[in-house]
Amino acid sequence: MWWAVTKKFDYSLIRPADILVLNLQLSRFLEPVLDGTNFLNVDLANPFLSLQPRFLWYLIFQRPSRSRLARWIIAVTKTSRAKAVLAMDNFNVGHHHRQKRLLLDELSAAMRKTSVIAIQHGQELRRLPIQGQKSEVVNLCWGNWVARHFPTFGRTEGRFHVVGPLVDSLYREIRPQTITKDVEIVLISTVKDESWWGPEIGDRRMGYEILVEHLKRYLETRKVRCCIALTIDRDQNPSINEAELEKKWFSDRFGTSVEFSDPTKFLGDERYTDGNQRQPRYVKERYSTYFLCDRAKLTLGMSSTVLWESFGRGNKVLSVNSSKNSAYDFPIPGPWSLIDADYDEFEKRVDYLLNLPTEEWDTLSIAARNDLVYLDATESSYLKIRKFIFDEIAAS
């Protein structure tokens, strides 16, 4: 039975820890949060079967209605005596078609004295496939808008606590102090996999194709160029060169009227490192898309986490949704959002935003961006997350 979920035997002891982390190897931006703490990481793709008696006891004597993966995590948690389980919220999913509850929800229901903490990963608004009763999971989220509205989209976390965006806060600590707006228009790529270069066209791709058509016409009419902010990690697939497929997708549509960021380099361009020649420790730490958006006079996109974060940093953005699916709308209406617009409306809005003085943009957007993406100038998000975890452990 258990050989179906475990991949190996482990004769070593599961050591004591205060925090059990799920999939740190896929979420290395959690490292500053965990620095100096006593944590234990588990790889959900490679569960092990320990011969430690305490582990075997907790693994075997559990309710059979729980998913196998949840029972394994519970056994590791109780064996290590961890007082908190930490994960990015995109790992709170169903791992089996018969699973009745989301993974983190299962853990929180089974371990009432252990804090189960999920950190907001992105701007996922679409309804989740498994819905039901509220759990005891705490979501450390980006802003008050999320805390108010995520529960209406099928989210089951029982509590939301605002800390601001984690990865964005790490970028803001290392970006150059002075950034020149030397790029006219940036388009954020959402071209990531077979669903984009394959034969089937879903709602999101359809809407994005219309945005690309409008932008191509605008560039030709205004005689300006655009820079495409390529996805940061498309070069990580060993079996297929997704980075080249992504670049080809845009070249086929725009021709030579666009240029591309270099997501393989720190900040995307060695000329703009402000004397900082640090090497990224992991792929997400390249920050090329973030920095390109900060250099842009206007950033365009559709249903993009990066667009939310750029908006939160005070940059001019325009979210364009022509898909007729409201899940891809920008969450807060304003001049930064266009829904089902024809080319004339698109052209007029882009001209308006490009010519809008920065001071007026700040006045128009500050309330909305502070509601959506909370940024604390006195304390970084990762420090807020650390403090919250320590408080939860102390209270357990």
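Criteria and cut-off values
Residues numbered from 1 in each chain as written. Predicted model: local features only at pLDDT ≥ 70, side-chain atom pairs only at ≥ 80, totals over all residues. Heavy atoms only, no water. Helix = DSSP H or I, 4+ residues; strand = E, 2+ residues; numbered from the N terminus. Contact = heavy atoms within 4.5 Å. Polar contact = N/O pair within 3.5 Å; in protein donor to acceptor, adjacent residues only side chain to side chain. Phe/Tyr/Trp six-rings, centres within 6.5 Å; stacked < 30°, edge-to-face > 60°. Buried < 20%, exposed > 50% of the residue type's maximum accessible area, 1.4 Å probe, protein only. Lys NZ or Arg CZ within 6 Å of the ring centre and 35° of its normal. Expected span 1.5 Å × (residues − 1). Salt bridge = Lys/Arg side-chain N within 4 Å of Asp/Glu carboxyl O. Core = buried A, V, L, I, M, F, W, Y, C linked by side-chain atoms within 4.5 Å. Pairing = 2+ DSSP bridges. Axes fitted to C-alpha atoms, helices over the stretch in contact; angles between N-to-C directions.

**Side note on the environment of His214**
Line of reasoning, step 1. Secondary-structure assignment places His214 in helix α8 (residues 203-222).
Line of reasoning, step 2. For the pair formed by His214 and Glu347, sequence separation is 133 residues and the distance between their alpha carbons is 7.9 Å.
Line of reasoning, step 3. When sequence neighbours within four positions are dropped, the list of residues in contact with His214 reads Ala341, Asp342, Tyr343 and Phe346.
Line of reasoning, step 4. At a separation of 3.2 Å, a polar atom in the side chain of His214 contacts the main-chain carbonyl oxygen of Ala341.

**So, the packing of aromatic side chains**
Line of reasoning, step 1. According to the stated counting rule, one finds 18 aromatic pairs in the structure shown.
Line of reasoning, step 2. Seen from their ring centres, Tyr171 and Tyr287 are 5.6 Å apart, and the 50 degrees between their planes marks the pair as tilted. Highlighted residues: Tyr171 in helix α6 (residues 166-174) and Tyr287 in the loop between β11 (258-260) and α10 (288-295), separated in sequence by 116 residues. The residues Tyr171 and Tyr287 share a single accessibility class, namely buried.
Line of reasoning, step 3. Both rings, one in Phe311 and one in Phe330, keep their centres 5.2 Å apart while their planes meet at 80 degrees; by these two values the pair is edge-to-face. Of the two residues, Phe311 sits in helix α11 (residues 305-312) while Phe330 sits in the loop between β13 (317-321) and β14 (337-339), which places them 19 residues apart along the sequence.
Line of reasoning, step 4. Among the aromatic residues, those joined into a ring-pair cluster are Tyr208, Trp249, Phe250 and Phe254.
Line of reasoning, step 5. Above the face of the Trp249 ring, Arg253 is positioned so that its terminal group lies 3.7 Å from the ring centre.

**A few points about helix α14 (residues 381-395)**
Line of reasoning, step 1. The terminal C-alpha atoms of α14, which comprises 15 residues, lie 21 Å apart, in line with the 21 Å expected from a rise of 1.5 Å per residue.
Line of reasoning, step 2. The set of residues buried in α14 consists of Ser381, Tyr382, Lys384, Ile385, Arg386, Phe388, Ile389, Glu392 and Ile393.

**Some thoughts on the pattern of salt bridges**
Line of reasoning, step 1. Summed over all chains, the structure comprises 22 salt bridges.
Line of reasoning, step 2. A salt bridge links Glu31 to Arg28; the nearest nitrogen and oxygen atoms lie 2.6 Å apart.
Line of reasoning, step 3. With a closest N to O distance of 2.9 Å, Arg313 and Asp294 form a salt bridge. You can see Arg313 sitting in the loop between α11 and β13 and its partner Asp294 sitting in helix α10, a full 19 residues away along the chain.
Line of reasoning, step 4. Its relative accessible area of 12% is what places Arg313 among the buried residues.
Line of reasoning, step 5. Salt bridges sharing common partners tie together Asp168, Arg172, Arg175, Asp294 and Arg313.

**Comments concerning the nonpolar core**
For soluble globular proteins, the rule of thumb is that nonpolar side chains tend to be buried together.
Line of reasoning, step 1. Residues Leu22, Leu30, Trp72, Leu107, Leu187, Tyr208 and Phe346 are the most contacted members of the largest nonpolar core, which totals 111 residues.
Line of reasoning, step 2. With residues up to four places along the chain from it excluded, the contact list for Tyr208 reads Leu187, Ile188, Ser189, Thr190, Val191, Trp196, Trp249, Phe250 and Met302.
Line of reasoning, step 3. Val183, Cys227, Leu292 and Ala296 belong to the second-largest nonpolar core, a separate cluster that totals six residues.

**Re the environment of Leu40**
Line of reasoning, step 1. Tracing the backbone through its elements, the reader meets Leu40 in strand β3 (residues 39-42).
Line of reasoning, step 2. A residue is classified by how much of its surface remains accessible, and Leu40, at 16% relative accessible area, is buried.
Line of reasoning, step 3. Each C-alpha atom, one on Leu40 and one on Thr77, is 9.2 Å from the other, the two residues being 37 residues apart in sequence.
Line of reasoning, step 4. Dropping the residues within four chain positions of it, Leu40 is found in contact with Ile14, Arg15, Ala17, Ile19, Leu20, Val21, Val76 and Ser80.

**Section: the sheet that holds β14**
Line of reasoning, step 1. Read across the sheet, six strands follow the order β11-β10-β9-β12-β13-β14 without closing on themselves; strand pairing throughout is parallel. Among the strands making up the open sheet, the edge pair consists of β11 and β14. Between one strand axis and the next, the sheet turns through 25 degrees on average, direction left out of account.
Line of reasoning, step 2. Examined bridge by bridge, strand β10 (residues 226-229) and β11 share three bridges and lie parallel to one another. Each bridged residue has a counterpart across the sheet, and for Cys226 the counterpart in β11 is Val258.
Line of reasoning, step 3. Of the strands in this sheet, β9 (183-188), β10 and β11 are in contact with helix α9 (residues 242-254), which crosses β11 at around 170 degrees.

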